[in-house]
Each structure stands twice: as C-alpha cells, then as structure tokens.
Amino acid sequence: MSPRMPRARRRARLSLYTAGTASLALLATACGGSGGGSSAAPKEFSYLSVTENTTVKTALTTLSHGECKAANDALPLKVETVPQASLDQKLQLLAGQNALPVQFAAGNAPALTQQLAKSGKIADLEKELTSLGVYDRLEPAAVSTVKALYGGKFRVLPYEYNIEGIFYNKKLFEENGLKVPGTWDELVSAAAKLESAGVRPFSASGQQGWPLTRMISGYLYRSLGPDALQKVADGEAKLTDPEYVKAAEEVAELGEKGYFGKGVGSIDYDTAMNEFLNGKAAMFYMGSWALANISDEKQNKVGAENVGFMPFPAVSGGKGSIDQYPSNVGLGITLGAKSFDARTGDWVSCIAKNYGSTALKDHGTISGFKVGTEVKDADAVTTQVRDTISSSKRNVLWFEALFSTKATTVSQTNAASLVAGGMSPKQFMQTVQDALSAR
C-alpha cells in the first residue's frame, strides 16, 4: 500500500503478488545439504533490500541513529539493494555460496522462502523472538497472515501490514441517506440508490484487475468461509463449482448495472484512486496502504474526515465472518539462521519494540509491529484501521494468493472483461481454473 507513495514502490508491492517462483530447481540444488549460511559471527547487520522500497531501509537507518544506536554500534547497519525483479536470482546465488546477509527481503513468492527454510537457511523467527521476549510486540493479525502464507510458520518479519476493505465517502453516504452496509444485499441496494442519484457507486482499476478479483474472493470468504480458496489450492474444490461461480456472478452484476462506471478496463490504479479522492465515486475497495493517499491533503480533495472504512459485507447464510479481513505483509523480511547471534538479537529486539512507531510517525505506514502510545494518528480513518488490525485475530488472503503465476495473470487480465460483459462468470472461472490445473 506519509507523503505520496512513490509509484515505483507501489508497483513493487502490487507486482509482488503476481511474481512467480523463479528457478526453484536451481535453488534446491544450490541449497543442497543441511547447512545454512556461514557460521562465522557477522561483522555487520547486513540488510539486502529491493531498490523500489525505500521505507524499511530509511526507518532502519533512523533507528540506527536513535533507539537502536547501541545495537548499531555493536553491529553496524549496512544496506545493499537490488531491483525487485533480480531479488530471487540474487538470493539463490547467495544461498549457494553460503553468503546470505543477516537480514534480507524474502523471495517474491512464498515458495522461494519455503525452500530456503527447508534447507536451514532461515532463522526460526517465532523461537528467536519468543526467546528475546518480544514476540508479543507483533500484531496477532500480522502473525496470522504470515503463517497463512508460509505453511503455518512465522518466516518473515512484517515491516509492512495491510488489511483490505471498502473505503467510503461519508458525505455522499449522508447526502443520500445511507448507512454503512452490513450485508451484500445492503451493499447492492446502496449502490443502486447512489446510481439513481447520479453518483457512481464504485471506483476500481480494471487495468490492474486485482481490485475486481478481490471483490470475488471477498464474496467467497463470506459465503463459503475462510478456507474457500485453500480448498481450491488443495484440490478439494474448483472455481467452476456452482458456489464459486456465484461469487463471480455477483461481482459481474455490479458491472452490468454500471456501478463501476464506463470504461473500467482502461482505468489504472492512480486514476481509480484519484476518482475516489476527488469525490467522483462513493466507494473504493482497497488496502490500508491507501491511507498514505487519504492522509495527503494535496491528493484528498474530499478530506480525510469524510472517509470511512468498512469490512467487506456479510453474505446472508454464509459461513464467513465479517471481521476476517484480507491481508498481506508486503515484501516480508527474514533473517539468516547461522548469523543470528546475540548482537543480531539485540537489533531484532530493538526493531520489534520501535519499528512500528517509527514507521507510522515518520512515514505514515502501518506495520505488523505494535505502536507505542506516544504516536498519534494523522486522522480518524487511520485510527479506525489500526484499531481494526489490533482487534483482528484471524485474517484471510486475497484471490490469487495461492494461485500459480499463470493463473494469477489470467485472473487479473480478464477481470475487466468479466465486469464489462465480455466474458461470462462461468467462462471467467473456467479460464482461471484451467490455468490453475496447468501448473
């Protein structure tokens, strides 16, 4: 998902979930044997990051001069960056040389990190943070999300944490006599009322596609429960099953009724964001990274005080819960197993205690670390989202989280066609299922 997020960084985040498992066979060969990295004590708190993401390295640098100065004096921070597209190849090379840094951006797909973990290259972070007495400095919802992505294991630190839902224009809702919808039927009814009043109900990027497919997964999680897409990944269900096609039908109907406006397929992320922030649409399905845009007075012409946040609504008779939010941890950061000594532990302990506050105070970003009471939010909607994160115990993933690279691409490139009527819901789900079956 502070000042306006650099476009490159945002693209890095958005592309993260479409990245594939590059050259895992090569990695398996490189990581052969049972050892991790070099067993020699590290001389620096080396950190390999991606060029596109500047927030983490900037926040760590701030901490190295402030709250974590003692840890930095003992083990100086050294940052190296590579383009995100080159990250997986770089990690494979370093792993094969037993030269992984102390801390590094995890692979573009969870499968790569899983391979590193199986070969003993990655520290047991739950064990290490518990031993340091700082595991409780993590937000439970962030822990849940990491474990959902990494086979039940806490593999990466959540330097970033986002939940998704529907941002809405309070003023437009009030002017049209609307309350926050609690069910899907109420959401559809509210959209109809807005449309009849000449207000576009939703802003969405059909060009990116995922803002539309995540509404499909939202419906699936509410109707079938939090394991709906895990069952597809495990082969226990198919996207072509009637109850899965139903979700695509519901979202497609929103498009058929014109609730996304005209030409949704040509609307990119920036345009969709600007339309909502300029009051041209009443609702906007998005992740909490949008808070940086919402809090920016230059971008947000409707005013942060007029923006609210609601969960994806319940589906009547559904098995899901309205308090289960789709979530992600951006590009997770992990640590090497063999270089995790006492001085590394001092750094990690300091990070766990202070990173959440530094990121929010200096960058306006929400992480999976708890925030100290001395840090004040920029606006009420940021407080609302943070309170939601703190109270969440179990979250869910997004539509393509467990998909192959091919299926992800097929899903997102055909989403606009689904809501524009160029592809039927059954055809859409069949096309994605075929891509899944081909992996």
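You'll find the structure just up there.
Asks: In this structure, what is going on with the state of the cysteines? I would like to understand it.
Replies: Here, disulfide denotes a covalent bond that connects the sulfur atoms of two cysteines. Here the structure, examined in full by the defined rule, presents one disulfide. Covalently, Cys68 is tied to Cys350 through a disulfide, its sulfur atoms 2.0 Å apart. Residues Cys68 and Cys350 are joined through a disulfide that is left-handed, its torsion about the S-S bond being -100 degrees. Of this pair, Cys68 sits in the loop between helix H3 (55-65) and helix H4 (69-74) while Cys350 is found in helix H16 (residues 342-363), placing the two residues 282 residues apart along the sequence. Of the two residues, Cys68 and Cys350, neither departs from the other in class, the shared state being buried.

Asks: Please clarify how the packing of helix H13 (residues 242-256) against helix H19 (residues 425-437) should be interpreted in this entry.
Replies: Angle between the axes and distance between the axes: these two values describe a pair of packed helices. In the contact formed by H13 and H19, the axes pass within 8 Å of each other and the chain directions differ by 125 degrees. Taken together, the axis directions place H13 and H19 in an arrangement best described as oblique. The chirality of how H13 crosses H19 is right-handed. Each of Tyr244, Val245, Ala248, Glu249 and Ala252 in H13 lies in contact with H19, whose residues at this interface are Pro425, Lys426 and Met429.

Asks: Can you help me understand the packing of helix H18 (residues 405-420) against H19 in this one?
Replies: At a closest axis distance of 8 Å, the pairing of H18 and H19 adopts a crossing angle of 170 degrees. One element, H18, and the other, H19, form an angle in the roughly antiparallel class. Classified by chirality, the crossing of H19 by H18 is right-handed. Every residue of H19 that contacts H18 at Lys406, Ala407, Val410, Ser411, Asn414, Ala415 and Leu418 is listed here: Pro425, Phe428, Thr431, Val432, Ala435 and Leu436. Taken together, the residues that form the contact of H18 with H19 break down as nine nonpolar, three polar and one charged.

Asks: Teacher, can you tell me more about unusual backbone geometry here?
Replies: The general pattern is negative phi for most residues beyond glycine and trans for most peptide bonds. Despite not being glycine, Asn98 has its phi angle at roughly 55 degrees, a positive value. A residue is classified by how much of its surface remains accessible, and Asn98, at 37% relative accessible area, is partly exposed.

Asks: Where do I start with helix H8 (residues 140-149) in this structure?
Replies: Among the ten residues in H8, seven count as buried, and that is most of the element. Those residues of H8 not exposed but buried are Ala141, Ala142, Val143, Ser144, Thr145, Val146 and Leu149. Those residues of H8 hidden inside the fold are in contact with helix H6 (110-118), strand E8 (327-328) and helix H17 (380-391). Trailing H8 by a residue or two, Gly151 shows a phi angle of about 60 degrees, which is positive.

Asks: So what exactly am I meant to see when it comes to the pattern of salt bridges here?
Replies: Any two side chains of opposite charge can pair, given that their charged atoms come close. A full pass over the atoms with the stated rule returns nine salt bridges. In this structure, Arg343 and Asp341 form a salt bridge, with 3.8 Å as the shortest nitrogen-oxygen distance.

Asks: Even after reading the chapter, I still don't get the nonpolar core, so can you show me in this structure?
Replies: The tendency in soluble globular proteins is for nonpolar side chains to be buried side by side. Counting residues in hydrophobic clusters, the biggest one holds 141 residues, and the most contacted among them are Phe167, Ile216, Leu239, Met283 and Tyr355. With eight residues, the single largest contributor to this core is H16. Apart from the residues lying within four places of it in its own chain, the contact partners of Leu239 are Leu229, Val232, Tyr244, Val245, Phe399, Phe403, Met429, Val432, Gln433 and Leu436.

Asks: Explanation requested: the pairing of strand E1 (residues 45-50) in the structure shown.
Replies: When a strand is regular, its side chains alternate between the sheet's two faces. Taking burial as the measure, the six residues of E1 include six buried ones, the bulk of the element. Neither face of E1 is left uncovered, since the one carrying Phe45, Tyr47 and Ser49 and the one carrying Ser46, Leu48 and Val50 both have all their residues buried. Summarising the sheet, E1 and strand E3 (residues 103-105) pair through two bridges and their orientation is parallel. Bridge pairing links Leu48 to Phe104 in E3.

Asks: Whenever I open this one, the packing of aromatic side chains confuses me. Can you help?
Replies: Two numbers describe a pair of aromatic rings. These are the distance of the centres and the angle of the planes. Scanning the model with the defined rule gives 16 aromatic pairs in all. Centre to centre, the rings of Phe309 and Tyr325 are 6.2 Å apart; their planes meet at 20 degrees, and the pair counts as stacked. Residue Phe309 is found in strand E7 (residues 307-310), and its partner Tyr325 is found in the loop between E7 and E8; the two are separated by 16 residues along the sequence. Take Tyr325: its relative accessible area is 9%, and that puts it in the buried class. Members of the aromatic cluster, each reached through a chain of ring pairs, are Trp184, Tyr219, Tyr285 and Phe312.

Asks: How should the sheet that holds E3 be read in this particular structure?
Replies: Strand-to-strand pairing in sheets goes through backbone hydrogen bonds, with the strands running parallel or antiparallel. With mixed pairing, four strands are arranged side by side in an open sheet as E2-E1-E3-E9. Looking at strand neighbours, the two that pair on one side only are strand E2 (77-82) and strand E9 (333-335), the edges of this open sheet. Pairwise comparison of adjacent strand axes, ignoring direction, gives a mean angle of 20 degrees for this sheet. Against the sheet, H3 makes contact with E1, E2 and E3, and its axis sits at roughly 170 degrees relative to E2, the strand it touches most.

Asks: How do you make sense of the environment of Ser404 when you look at a structure like this?
Replies: Turning to its location among the elements, Ser404 is positioned in the loop between H17 and H18. Separated by 34 residues in sequence, Ser404 and Ala438 place their C-alpha atoms 9.1 Å apart. Side-chain polar atoms of Ser404 contact the backbone nitrogen of Ala407, separated by 3.1 Å.

Thresholds applied
Residues numbered from 1 in each chain as written. Predicted model: local features only at pLDDT ≥ 70, side-chain atom pairs only at ≥ 80, totals over all residues. Heavy atoms only, no water. Disulfide = S-S within 2.5 Å. Helix = DSSP H or I, 4+ residues; strand = E, 2+ residues; numbered from the N terminus. Buried < 20%, exposed > 50% of the residue type's maximum accessible area, 1.4 Å probe, protein only. Axes fitted to C-alpha atoms, helices over the stretch in contact; angles between N-to-C directions. Parallel < 35°, antiparallel > 145°, perpendicular 65-115°, else oblique. Left-handed = near helix turned anticlockwise from the far one by under 90°. Contact = heavy atoms within 4.5 Å. Nonpolar A, V, L, I, M, F, W, Y, C, P; charged D, E, K, R; others polar. Salt bridge = Lys/Arg side-chain N within 4 Å of Asp/Glu carboxyl O. Core = buried A, V, L, I, M, F, W, Y, C linked by side-chain atoms within 4.5 Å. Pairing = 2+ DSSP bridges. Phe/Tyr/Trp six-rings, centres within 6.5 Å; stacked < 30°, edge-to-face > 60°. Polar contact = N/O pair within 3.5 Å; in protein donor to acceptor, adjacent residues only side chain to side chain.

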